[in-house]
Each structure stands twice: as C-alpha cells, then as structure tokens.
Amino acid sequence: MSEIIDGKAVAARIKETAKARAAEFERVAGRKVGLAVVRVGDDPASCIYVRNKVKACEQCGVASYTYLFDEKTTQSELIEFLGKLNADGKIDGILVQLPLPEHIDERACIAAISPQKDADGFNVVNAGKLFLGERDGTIACTPRGIIELIKATGVPIAGKHAVVIGRSNIVGKPIAALLLNNDATVTVCHSKTRDLRDYTLTADILVAAVGKKHFVTADMIKRGAVVIDVGMNRDETGLYGDVDYDNAKNVAGYITPVPGGVGPMTVAMLILNTVDGARNE
Ligand code: GUN
C-alpha cells in the first residue's frame, strides 16, 4: 500500500506562508496585494477553477478583481484590457483562465501580460527563465506545486529517473524543466511515444499529465514510485485523474489522489506567485 500525498494539507501550509507575506506587504505598502482574474466565456470547468482561486485570495488576505468577458469578446478587446491591467497600480498579478474561446490566440494574450504581473508564469520571459535555470522568474503554478508535493514525500529528486507523460506548455514542458533543474534524469513521453510502458516502468517519479481518465494503469508503475496525477477529467459520474488510483495505490510508494492532490497546490502556488511578485516590484 502506498502513502497518500495530501495535497490539501501541503496547500494549506503554502497558503499560510502566502498569507503572512501578504500581511507584511500590506503593512509596508498600505494596500493589499491584488490579483486580476480574467475569464472569457462560460466554460464550466473554468468557472469552478476561477471560483476556487477567488476563494483562496480571500483566505490569504489578497484582493481579487474578477473580470468576466462574453464568449464573443474579440482578441484585440481582450489584449487592450490586459494592457490596462498591466498599468493598474493596485494589480500585482494577472491570470487569464485558459482555455480561451477558439477565435482568440492564447499565445498573443499571454504575451500581452507584463512578465512582472504574469502570476501563471506562462509568458515567454518566465518560461525562458525556467528553461535557463534562472531563479528570478515566475514558475507556472501546477509544476511548482508538483515539486512541493514530491518534496513533501521526503524522497530526494536528485539522481532519480523522472518520467513525465504529456508535453503541454502549462504542465508537461515546465515540470520537465523543473525536475531537470532539481537534478533528476528526465524523460518526456507523449502521444507519439512508442512502448510507453517501457519508460514508465523505469520511473522513480511518474508525472501523469495526459488528460485521459485512468490512462495510467497499475501495470505501468514501478513498485515504490512517487506517482503524481495531474489529471482533472470530468464526466457525468464525477472527477477522475489520469491514474487508475484504486489499483495504482497498491504498487506506488507515494501517490496523489484526485481530487485533493495537485489541484489545491495549483491554487496555493498562484497566490504565492502573486504575493511574491508584489513584494519584488
Ligand atoms: N487552465 C488549466 N490550468 C490552468 C492554469 O494553471 N492557469 C490558467 N490560467 N488556466 C489554466
């Protein structure tokens, strides 16, 4: 039986740190740290994520400003608005909830956010700093949270074989870079990888960021491995991870549940990124 990595408990500790730093900022600056949360359209999952992020701001003493745009908002309208937020002195962090409607180019919108206010760490400047191993950039929230969860197990990352399944810009690529910066030997697998199981079976640390319910089965996991499940797959019957948790927990050494694993960490790290961004201004 594996040990369950309690993402809610680790996230609560991170939020306590963020709250203390936010209070200190408020004392010195005479105003609260401010996060702008931008949502375009009514994607149901995005509505849930935005609600959770706003709630976490309240818990940590961070002022949140939610801006809801109609599904039909144009790219230039959105980019113009982001320019105003860049110039707004009460806003320290900006978050544009993804995915955006199809007619809007996500890259162009992310590029329109000032790197200093990029609470998600998605801007090319921050992504580039991560890849170069520079420490003064903002690191994407989910990957940063994953590293904290691995560290919470007490298992050292250095020298381990970490296998990441998925190569998205918001999880797969940045977590691969972060694991590498932490001295793991990193393999990135994706939809075109042949004989995936050959790789996963050698993983001391396995990060599943695929977006397919129960894609990773127990027979793909090395006994004793640290298994991090980034999946948030919703259907009529509930929310499921990318890992077949009920069987995988008999093989893994440590495993994150869904919900209650990576999800709460993403939110906690967003708040910490925002607070730390404000303090560095
Ligand atoms: N959509 C899915 N994950 C994320 C995230 O971490 N940040 C934003 N802005 N959108 C997302």
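The rules we used
Residues numbered from 1 in each chain as written. Predicted model: local features only at pLDDT ≥ 70, side-chain atom pairs only at ≥ 80, totals over all residues. Heavy atoms only, no water. Buried < 20%, exposed > 50% of the residue type's maximum accessible area, 1.4 Å probe, protein only. Helix = DSSP H or I, 4+ residues; strand = E, 2+ residues; numbered from the N terminus. Pairing = 2+ DSSP bridges. 1 Å grid on protein atoms, 1.4 Å probe; cavity = no way out; pocket = protein on both sides within 12 Å on 5 of 7 lines; lining within 4 Å. Points joined across faces, edges and corners; volume = space filled by probe spheres on them. Nonpolar A, V, L, I, M, F, W, Y, C, P; charged D, E, K, R; others polar. Contact = heavy atoms within 4.5 Å. Axes fitted to C-alpha atoms, helices over the stretch in contact; angles between N-to-C directions.

Topic: the pairing of strand β2 (residues 34-40)
Counted residue by residue, β2 has seven buried out of seven residues, so it is predominantly covered. Judged by which residues are buried, β2 turns out to be covered on both faces: Gly 34, Ala 36, Val 38 and Val 40 on one side and Leu 35, Val 37 and Arg 39 on the other are all buried. Relative to strand β3 (residues 63-69), β2 is paired through seven bridges, and the arrangement is parallel. Bridge pairing in β3 places Val 37 opposite Thr 66. Bridge count between β2 and strand β4 (residues 93-96): four bridges; the pairing is parallel. Considered in β4, the bridge of Val 38 is made with Val 96.

Some points on the layout of surface pockets
Taken as a whole, the second largest pocket spans an internal volume of roughly 770 Å³. If you go around the second largest pocket, you meet 26 residues; those closest to its centre are Arg 135, Asp 136, Gly 137, Thr 138 and Ile 139. At the level of elements, α5 (124-132), α6 (141-153), α7 (172-181) and α10 (262-279) are the ones that each hand at least two residues to the lining of the second largest pocket. Considering only residue class, the lining of the second largest pocket consists of seven nonpolar, 10 polar and nine charged.

Brief notes about the environment of Ala 20
The topology assignment puts Ala 20 in helix α1 (residues 7-29). Along the primary structure Ala 20 and Cys 60 are separated by 40 residues, whereas in three dimensions their C-alpha atoms are 8.0 Å apart.

What about the sheet that holds strand β1 (residues 3-4)?
What the six strands build is an open sheet, ordered β1-β11-β8-β7-β5-β6; its pairing is parallel. Bordering the open sheet on either side are β1 and β6 (185-189), each of which pairs with just one other strand. The pairing of strand β7 (residues 205-208) with strand β8 (residues 226-229) spans four bridges and is parallel. In the sheet register, Leu 206 faces β8, and the bridge partner there is Val 227. Here α7 sits on the sheet in contact with β5 (161-165), β6 and β7, set at roughly 175° to β5.

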